[in-house]
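# What the coordinates show
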Amino acid sequence: MKRRSTRRRVALALAALLGSTVLAGVQVNSAAAAGSTVAVQYRTSASGSTADQSEPWLKVRNTGSSAIQLSQVKVRYYFKADSASATYKFACSWAVRGCAGITGTFGTLSHPTADADRYLEIGFTSGAGSLEPGTDTGDMQLRFYQSNWQILNQADDYSFNASQTSYADWAKVTAQLSGNTVWGTAPEGNDPGDPTGPTDPPGGGQTLFDDFDYTSSSDPSLSAHGWNVRSNSGGPGVPGATWDPSEVTFAGTSGNSVMNLRSSTAGTAQTTRQTEVLTKAMKFKSGTYAARVKFSDAPESGPDGDHLVQTFFTINDLKAPMADDYSEYDFEYLPNGGWGESGSILYTTSWETYNPDPWNACNQHTEARQSYAGWHDLVFTIDDSNIKYYIDGRLFGTHDAQYLPERPMSINFNQWLIDLAGQSSATPRSYDEQIDYVLHVKDQVLTPAQVAAKVSAYRAAGTTFVDDVPAQ
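Residues numbered from 1 in each chain as written. Predicted model: local features only at pLDDT ≥ 70, side-chain atom pairs only at ≥ 80, totals over all residues. Heavy atoms only, no water.

### Some thoughts on the overall build of the protein chain
- Broken down by element type, the protein chain carries 3 helices and 31 strands.
- Across the protein chain, the fraction of contacts at a sequence separation of at least 24, relative to all contacts at a separation of at least 6, is 76%.
- When the accessible area of the protein chain is evaluated, it comes to approximately 17700 Å², of which 47% is carbon and sulfur surface. (Helix = DSSP H or I, 4+ residues; strand = E, 2+ residues; numbered from the N terminus. Contact = heavy atoms within 4.5 Å. Areas by Shrake-Rupley, 256 points an atom, 1.4 Å probe, with all protein chains shown as cover.)

Structure representation (structure tokens):
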């Protein structure tokens, strides 16, 4: 049970990072011990802990007694994505046998670890030819980089070795021959030959995806796509404050359209403007929910200090005090404290029910007292056993089955002021919360890496909106 005098929302999230495998020297897995026919050598020409692109240069060597077709070889280089929504591009700068015979594709791990949730898989076309016993491919100068050319952090990548600037055997990449793993050790739980290992995101699934590619809060497409920009009065927040649709705007940032919620005040209820965008339909229940959200600690203008709440959440209506079919799942960020907190705090909260007057709440929450200013990937999943919240790919909190939803909900984003006690100035000030996208996949539990891959696939296909989640 958690009690607080005023309440409301923000949902959070992202990927579970498990343990990593540490290798001493060169290791070969059990398949290789039974008679390896391929070995992989590695070096890097970009040895910094950060770089504009990662450069894993490779050689594949035939250690067997008969020729092998390169088209039957797959090599995987494992790395930790710089964010759950990051996308990558592959390039071959130069190769002894020519770049035309080399392919590079990216995949996600179904069991993310602390230093790997993605991999680059190197393959060969039929035109790459064969390798005779005792020979190798020669130098393959490969590289990959973020699609937006942001700096990479390589220091936490499983397959990266800053000190290996000359070719040597390297068992932190894996090689398959005809589908069998014959070289290397994958991050724990992710053997390439194991069907429970790396997988693509689940196909199909009834899905809502919105990239928020709109012109304004009055854009007819916004309403047509099932969104309501709030204008009606009422809580949460400062009594008498205005919920102002004109303060919901859209703009391009780093190649994507983002939705901006601006809330403002000059210290009185009459000057306080709050913002909220929510789905008209209550049709969302179990499955995966995700959004990329930018929280703000400082105002865009004016003095700081207001007790602000920035959110991503799902909710349905409370039919009666302590009604047992109420549901709500929140990410709530308070940059300046509030509800008895003096500093920055992030809550994830799963609600069973509450009584508004006198206040009585039945919920479970997880919190972190630190700044979360900036962009964050928020994910939460609901299945028949629990609710899990992730932030930036890391498990943030797991809540019990007692708090599972009984009825479908709406999906909401809002920004509002708890009270006017945080800052007494009459100088106008405003705060922004931004949302890059929202995703819901009905009745499927996705990892944060799978969420990122699904969003990337929509964007690569030029899809800015889809909603095939049926009404309930």
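### Brief notes about the side chain of asparagine 161
- Tracing the backbone through its elements, the reader meets asparagine 161 in the loop between β11 (152-153) and β12 (168-169).
- Judged by its relative accessible area of 16%, asparagine 161 is buried.
- For asparagine 161, the side chain forms a polar contact with the side chain of serine 163, separated by 2.8 Å.
- With residues up to four places along the chain from it excluded, the contact list for asparagine 161 reads Tyr42, Thr44 and Trp170. (Buried < 20%, exposed > 50% of the residue type's maximum accessible area, 1.4 Å probe, protein only. Polar contact = N/O pair within 3.5 Å; in protein donor to acceptor, adjacent residues only side chain to side chain.)

### As for the state of the cysteines
- Under the defined criterion, the tally for this structure stands at 1 disulfide.
- Each sulfur of the disulfide joining cysteine 92 and cysteine 99 lies 2.1 Å from the other. Measuring handedness by torsion sign, the sulfur bridge of cysteine 92 and cysteine 99 sits at about -70° and is left-handed. (Disulfide = S-S within 2.5 Å.)

### Thoughts on unusual backbone geometry
- Cis rather than trans, the peptide bond between glycine 235 and proline 236 has omega equal to 5°.
- On the secondary structure map, proline 236 appears in the loop between β16 (227-229) and β17 (242-243).
- Of note, the amide linkage connecting aspartate 357 to proline 358 takes the cis form, showing an omega dihedral of -5°.
- Turning to its location among the elements, proline 358 is positioned in the loop between β24 (345-356) and β25 (359-368).
- A positive phi angle is found at phenylalanine 212, which is not glycine, with a value near 55°.
- Residue position: phenylalanine 212 is located in the loop between β15 (207-210) and α2 (220-224).
- Its relative accessible area of 0% is what places phenylalanine 212 among the buried residues.
- If you check the backbone angles, aspartate 392 has positive phi at about 50° while not being a glycine.
- As for its placement among the helices and strands, aspartate 392 is situated in the loop between β27 (387-391) and β28 (394-399).

### Points about the sheet that holds strand β8 (residues 116-124)
- One open sheet accounts for 5 strands, arranged β7-β8-β5-β13-β14; its pairing is antiparallel. Looking at strand neighbours, the two that pair on one side only are β7 (102-113) and β14 (180-183), the edges of this open sheet. Strand-to-strand, the axes of this sheet are offset by a mean angle of 30°, without reference to chain direction.
- One ladder, built from 3 bridges, connects strand β13 (residues 173-177) with β14; its direction is antiparallel. Its bridge partner lying in β14, alanine 175 is registered against tryptophan 183.
- Along the sheet, helix α3 (residues 448-460) makes contact with β7 and β8, crossing β7 at roughly 145°. (Pairing = 2+ DSSP bridges. Axes fitted to C-alpha atoms, helices over the stretch in contact; angles between N-to-C directions.)

### Quick notes on the pattern of salt bridges
- One pass over the full model with this rule turns up 16 salt bridges.
- Here arginine 61 and aspartate 169 are joined by a salt bridge, their closest N and O atoms 3.0 Å apart. Of the two residues, arginine 61 is situated in strand β3 (residues 56-62) and aspartate 169 in strand β12; the sequence distance between them amounts to 108 residues.
- Look at aspartate 169 and you get partly exposed, because its relative accessible area is 24%.
- Connected through salt bridges with shared partners, the residues Asp211, Asp436 and Arg459 form a single ionic network. (Salt bridge = Lys/Arg side-chain N within 4 Å of Asp/Glu carboxyl O.)

### What to know about α3
- Between its terminal C-alpha atoms α3 stretches 18 Å, which fits the 18 Å expected from 13 residues at 1.5 Å a residue.
- For α3, the full list of buried residues reads Pro448, Ala449, Gln450, Val451, Ala452, Lys454, Val455, Ser456 and Tyr458.
- Glycine 462 sits one or two residues past α3 and shows a positive phi near 75°. (Expected span 1.5 Å × (residues − 1).)

### Here's the deal with the environment of glutamate 132
- Mapped onto the elements, glutamate 132 comes out in the loop between β9 (130-131) and β10 (140-146).
- On the basis of relative accessibility, which here comes to 44%, the residue glutamate 132 falls in the partly exposed class.
- Sequence separation between glutamate 132 and serine 66 is 66 residues; the distance between their C-alpha atoms is 6.6 Å.
- When near neighbours in sequence (up to four residues on either side) are disregarded, glutamate 132 contacts Asn62 and Ala67.

### Considerations on the packing of aromatic side chains
- Scanning the model with the defined rule gives 33 aromatic pairs in all.
- Judged by centre distance (4.0 Å) and plane angle (10°), the ring pair of tyrosine 145 and tryptophan 149 falls under stacked.
- Of the residues examined, tyrosine 145 reaches a relative accessible area of 13% and is grouped as buried.
- Judged by relative accessible area, tryptophan 149 falls into the partly exposed class, the value being 44%. (Phe/Tyr/Trp six-rings, centres within 6.5 Å; stacked < 30°, edge-to-face > 60°.)

### Observations concerning the nonpolar core
- Judged by nonpolar contacts, the single largest core of 39 residues is most densely connected at Phe212, Met259, Phe312 and Phe413.
- Ranked by residues supplied to this core, first place goes to strand β21 (residues 287-295) with 4 residues.
- Grouped together as the second largest cluster of nonpolar side chains are 34 residues, Val38, Met140, Phe160 and Val182 included. (Core = buried A, V, L, I, M, F, W, Y, C linked by side-chain atoms within 4.5 Å.)

### Comments concerning the environment of histidine 111
- By the element assignment, histidine 111 lies in strand β7.
- Residues histidine 111 and proline 187, spaced 76 residues apart in sequence, show a C-alpha to C-alpha distance of 8.6 Å.

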